[in-house]
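# Architecture at a glance
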Amino acid sequence: MTLVNLLDLDLEALGAFCERLGEKRFRATQLFRWIHQRGVADFDAMSDLAKSLRAKLAQAAEVRPLAVVSEQASADGTIKWLFDVGAGNAIETVFIPETDRATLCISSQAGCAMACSFCATGHQGFARNLTTGEIVAQLWHAERALRARGLAVGAAQRVISNVVMMGMGEPLQNYAALVPALRVMLSDHGYGLSRRRVTVSTSGVVPMIDRLRVDCPVALAVSLHAPNDALRDELVPLNRKYPIAELIAACRRYLEAAPRDFITFEYCMLDGVNDSLAHANELVALVAERADTRIACKFNLIPFNPFPQSGLHCSPHERVLAFAEVLRAAGIVTTVRRTRGDDIAAACGQLAGEVQDRTHLRERAARRAIGIQLQRPAQPAHAKESA
Ligand code: SAH
Ligand code: SF4
């Protein structure tokens, strides 16, 4: 008999599982706390559970961790884990400590089928969706490993204060596994993270944004990267299916369910591709036309993290600042993301793990990157404008 991986179950499902074992549902709460709050995998160590229950659990279930291939620490405190998920596939998880928070960046798929031209994961192609257990296991492992390093803070003895679904993969293409994983993160008996401290980042899977709004409205980040469809079609191929107007409309609907929230628009700064002042003004028109129709949002400009084969370059720092200034002048809160962990290839878009590409995206994406390069003007648009 295959053992049930308890990391696959949210509290509701664990309750049902306990009932199937002939136990009271509330036992699930105790069990859930042992697993997620205390990081215990061994049923025998769960001292306040009856011996008979522990015996039943040992027969039917396990807490299945991910196999760690490596753990690398950056000079800036960032830690990256590489996990083996079988069949030649590996995924990455990154811990990013800051002064006021400690964020874990989690993967949702082995590879990604979205083939964004500026993303290392997208260049690798897609192998498979991760299970709920594999998504949760990244948090479970990281929290345990960080505590073992003595990094726990506060009465709860927790290290990780925020989770972002910004590792490998498109989380909204793995919706069925994602939502129970989010529930484990949010549960008071699990990781106890508030809705606003768990962020799903998407390249714009519009129907799933609508479903997330109903099922589990956590913080939403949208990878925009271009102010118009012609350019976004090239950078984020999913845009051909769900163009910008539909995406923005879905963002507005999302905010109706969470009116005190805002959408974070991520914008990867690509030299000579999407970084001119004209692009910045187009973005302002897109989101902030009139104060009364303005979408509640924040921009996060991400300096492009280069990787081999992309054929793309990061915008010069001054251009990033000038771009940010245009947005700020229009009253849009804009931050420039600090690159973290680039000495261990843990920065945004550098996560490549190891993926057995089943979709041949790698070759297709490489062809597209060449196309984008050819479209770059001989003189960067920015240089013309500031002249
Ligand atoms: N698939 C989701 C989440 C994972 S990517 C998404 O696309 O939103 C997380 C963020 O990193 C996204 O905003 C993505 O566009 C950005 N990113 C990808 N490649 C990058 C690169 N090479 N440099 C900087 N940011 C990158
Ligand atoms: Fe996939 Fe996101 Fe990378 Fe696009 S940016 S290829 S959606 S992981």
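Refer to the structure above for everything that follows.
So, a few notes on the structure that sits alongside this text. (Residues numbered from 1 in each chain as written. Chains lettered and ligands numbered in written order. Predicted model: local features only at pLDDT ≥ 70, side-chain atom pairs only at ≥ 80, totals over all residues.)

### Some details on the packing of helix α10 (residues 277–288) against helix α11 (residues 317–329)
What counts here: Axis definition: a line fitted to C-alpha atoms, limited for helices to the stretch in contact. Angles are taken between N-to-C directions and run from 0 to 180 degrees. Labels follow the DSSP assignment, with helices taken as runs of H or I lasting at least four residues and strands as runs of E lasting at least two, numbered in each case from the N terminus. Roughly parallel means an angle under 35 degrees; roughly antiparallel means over 145; roughly perpendicular covers 65 to 115; every other angle is labelled oblique. For any pair of crossing helices, the crossing counts as left-handed if the nearer helix is rotated counterclockwise from the farther one by less than a right angle, and right-handed if it is rotated clockwise. The contact rule is simple: place each C-beta atom from the backbone, and if two of them lie within 7 Å, those residues are in contact. Ten residues, namely Ala, Val, Leu, Ile, Met, Phe, Trp, Tyr, Cys and Pro, are considered nonpolar, four, namely Asp, Glu, Lys and Arg, are considered charged, and the remaining ones, Gly among them, are considered polar.
Between α10 and α11, the least distance of the axes is 9 Å, while the angle of their chain directions is 25°. Taken as axis vectors, α10 and α11 run roughly parallel relative to one another. Regarding α10 and α11, the two cross each other, and that crossing is right-handed. Between α10, through Leu-277, Ala-280, Asn-281, Leu-283 and Val-284, and α11, the contact on the second element is made entirely by Ala-322, Phe-323, Val-326 and Leu-327. Here the residues of the contact of α10 with α11 sort into eight nonpolar, one polar and no charged.

### Comments concerning α11
Note the following rule: Given the number of residues in a helix, its expected span is that number minus one, multiplied by 1.5 Å. Neighbour density around each residue's C-beta defines its exposure: 20 or more other C-beta atoms within 10 Å make it buried, 12 or fewer make it exposed, and counts between make it partly exposed, where C-beta atoms are placed from the backbone. This arc is taken over the directions from the axis of the helix to the C-beta atoms.
Under the 1.5 Å per step criterion, the end-to-end length of α11 is 18 Å for 13 residues, consistent within 8% with the ideal 18 Å. Those residues of α11 that fall on the buried side of the exposure criterion are Arg-319, Val-320, Phe-323 and Leu-327. Viewed end-on, α11 has its buried residues packed into an arc of 105°, placing them on one side of the element. For α11, the exposed residues set more than 90 degrees away from the buried face come down to His-317, Glu-318, Leu-321 and Ala-329. Positive backbone phi, at 85°, marks Gly-331, one or two positions downstream of α11.

### Overview of the site of ligand 2
Note the threshold: In this analysis, residues qualify as near a molecule or strand once their C-beta atom, positioned from backbone atoms, comes within 6 Å of it.
For ligand 2, the full set of nearby residues is Cys-112, Met-114, Ala-115, Cys-116, Cys-119, Thr-121, Gly-122, Gly-169, Glu-170, Ser-203 and Ser-223. Among the residues making up the shell around ligand 2, the classes are represented as five nonpolar, five polar and one charged.

### With respect to helix α6 (residues 175–186)
For α6, with 12 residues, the first-to-last C-alpha span of 16 Å sits near the 16 Å given by 1.5 Å per residue. Along its buried surface, α6 packs onto α1 (11–20), α2 (27–37), α5 (132–148), β9 (162–165) and β10 (198–202).

### A look at the nonpolar core
Just so we agree on the cut-off: Note on definitions: a nonpolar core is a set of buried residues drawn from Ala, Val, Leu, Ile, Met, Phe, Trp, Tyr and Cys, linked by C-beta atoms within 7 Å.
Counting 101 residues, the largest nonpolar core has Leu-14, Leu-139, Val-163, Met-185 and Met-269 as its most contacted members. Discounting residues that sit within four places of it in the chain, Met-269 has contacts with Asp-275, Leu-301, Ile-302, Pro-303, Phe-304, Cys-314, Ser-315, Val-320 and Phe-323.

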